[in-house]
Amino acid sequence: MRHISASAALLAAAIIGGTALAPLTAQAAHAAGITQAAGTTHASRTTHASRTVTGSPAARAAWIPSCAGKNGDTRACGHWRLLMADGRTVTVRDAAVHRTDAKGRPVGDEGRFAISGDGRVIAYERARDHRVVVRAAAGGPVTRLPRSLVPKGIGTGDLTLTLSPAGDRLLVSYDDDPARRPTKVVTIATGKVTELPAAEDPDGFSADGDEVLAHRLSGDNTTALVAHRLGGGSTRRTPPQVVANATTLALAADGRTVAVLIDGDADLKRPPRLRIYDLDSGELHDTVKLALKPSASPYLARWTADGRLVLTTTTDDPGRPAVVRVLTADPDTGEVRQNDRYTLGKDRYAFYVAGE
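Residues numbered from 1 in each chain as written. Predicted model: local features only at pLDDT ≥ 70, side-chain atom pairs only at ≥ 80, totals over all residues. Heavy atoms only, no water.

Chemist: If you had to explain the packing of aromatic side chains to someone new, which residues and values would you point to?
Modeler: Throughout the structure, instances matching the rule amount to 3 aromatic pairs. Ring centres of F113 and Y124 lie 5.7 Å apart, and the angle between their planes is 20°; on these two criteria the pair is classed as stacked. In this pair, F113 is assigned in strand β7 (residues 113–115) and Y124 in strand β8 (residues 121–125), connecting sequence segments 11 residues apart. Through a chain of ring-to-ring contacts, three or more aromatic side chains come together here, namely W80, F113, Y124 and Y352. The cationic tip of R81 hangs over the ring face of W63; the distance from NZ or CZ to the ring centre is 5.4 Å. (Phe/Tyr/Trp six-rings, centres within 6.5 Å; stacked < 30°, edge-to-face > 60°. Helix = DSSP H or I, 4+ residues; strand = E, 2+ residues; numbered from the N terminus. Lys NZ or Arg CZ within 6 Å of the ring centre and 35° of its normal.)

Printed below as a string of structure tokens:
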């Protein structure tokens, strides 16, 4: 299993984004239909390789505004926006505002969107045809993925997109009938599609993007945990209940080390906890209390290729800005260090952070 270095991550973004790190003139940006560093809408993968505004190539998060509906409810509206690592806001004009139902009609919920763990690659459904596409967050050519990712008879509201940490693979899972539609993993550079068993629910990529962690509910009411190697083969084990019931799991680059996040309990004044589970041996390490408030349970966890455990916490109170914190946790002591902190406006309808 490979470990993606910083140079490999840059290469992945370059494969998708073409000349993504070159500056873009204002005239060229207008012609490409983008604001600041947003991307192009084009039908083929490598043609019309537009360039980008200088600045950070990585996005922290994507969000879409909220508008009042006719019946007093709220709907997604406007354009998707990226909050870049250097503080700029970038508009993604060709991303769909709304997802579709089985008949292709728009529904009120936001269009599908995903950001790689390193923030350099985005995936979304394109507005004009609801085709799933991928490009560098900083801009550049759009890569159209196979049309079969959105099968006939279902809408984009029935699928979920997840990018690998370096953005070189995209996982597409289906919600309409999980027992009938297998999860698909697309290798962006080649278009190769790998299918995973339909009866399993994916938990996400490993830190190097070479495996997918999934779980499966068995007939005897037990849960099996499976690490699928995308090059072939898998490791399967029935874990203890504390692992099976965990809200958040993350697989390391070795394909066997699983971080198990357990929510905190404000009533019991119990902070969020962490356990490490070895999928090969079945060993479950002792519980470690995270140095977080009981109400600050991480909702996202991922290992980096160099072995760091990164956690994301967020507030999401209606009518107030969302506060997102990105932390590094020590699996041995539970100590946490804040890597980043940012806010997203109170007028947001939905948002996705890097790695989600």
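Chemist: Outline the pattern of salt bridges, supporting the account with residue identities and numerical values.
Modeler: Oppositely charged side chains are able to pair whenever their charged atoms sit close together. One pass over the structure, following the stated rule, counts 10 salt bridges. Of the charged contacts in the structure, one is a salt bridge between E110 and R99, with a shortest N-O distance of 3.0 Å. Of this pair, E110 sits in strand β6 (residues 106–110) while R99 sits in strand β5 (residues 98–100); the two residues are 11 residues apart in sequence, bridging distant segments of the chain. Residues E110 and R99 agree in their burial class; the two are buried. Put simply, R256, D278 and D280 are held in one network by salt bridges that share partners. (Salt bridge = Lys/Arg side-chain N within 4 Å of Asp/Glu carboxyl O. Buried < 20%, exposed > 50% of the residue type's maximum accessible area, 1.4 Å probe, protein only.)

Chemist: Tell me about unusual backbone geometry, and name the residues and values.
Modeler: Positive phi values are uncommon outside glycine, yet H130 reaches one of about 60°. Assignment of secondary structure puts H130 in the loop between β8 and β9 (132–136). The phi dihedral of K269 is positive, around 55°, even though this residue is not glycine. Considering the arrangement of structural elements, one finds K269 in the loop between β20 (257–262) and β21 (273–278). Look at K269 and you get exposed, because its relative accessible area is 71%.

Chemist: Give a description of the side chain of T235 that names residues and reports values.
Modeler: Tracing the sequence through the fold places T235 in strand β18 (residues 234–237). Those residues in contact with T235, other than ones at most four positions away along the chain, are L225, V226, A227, R229, L279 and D280. (Contact = heavy atoms within 4.5 Å.)

Chemist: Pulling in residues and values, what's your account of the sheet that holds strand β22 (residues 288–289)?
Modeler: Spatially, β19-β20-β21-β22 is the arrangement adopted by the 4 strands of the open sheet, whose pairing is antiparallel. Two strands lie at the open edges of the sheet, namely β19 (248–251) and β22, each paired on one side alone. In this structure, β20 lies alongside β21, joined through 6 bridges in antiparallel fashion. Looking across to β21, one finds that T257 is bridged to D278. (Pairing = 2+ DSSP bridges.)

Chemist: Give a detailed account of the sheet that holds strand β13 (residues 183–187), specifying residues and quantitative values.
Modeler: A sheet is described by the order of its strands in space; here 4 strands give the open sequence β11-β12-β13-β14, paired in antiparallel fashion. A single partner strand is all that each edge strand has here, and the edge strands are β11 (159–163) and β14 (193–196). Strand-to-strand twist across the sheet, computed as the mean angle between neighbouring axes with direction ignored, equals 20°. Where β13 and β14 come together, 4 bridges link them in antiparallel fashion. What sits directly across from V185, in β14, is T194. (Axes fitted to C-alpha atoms, helices over the stretch in contact; angles between N-to-C directions.)

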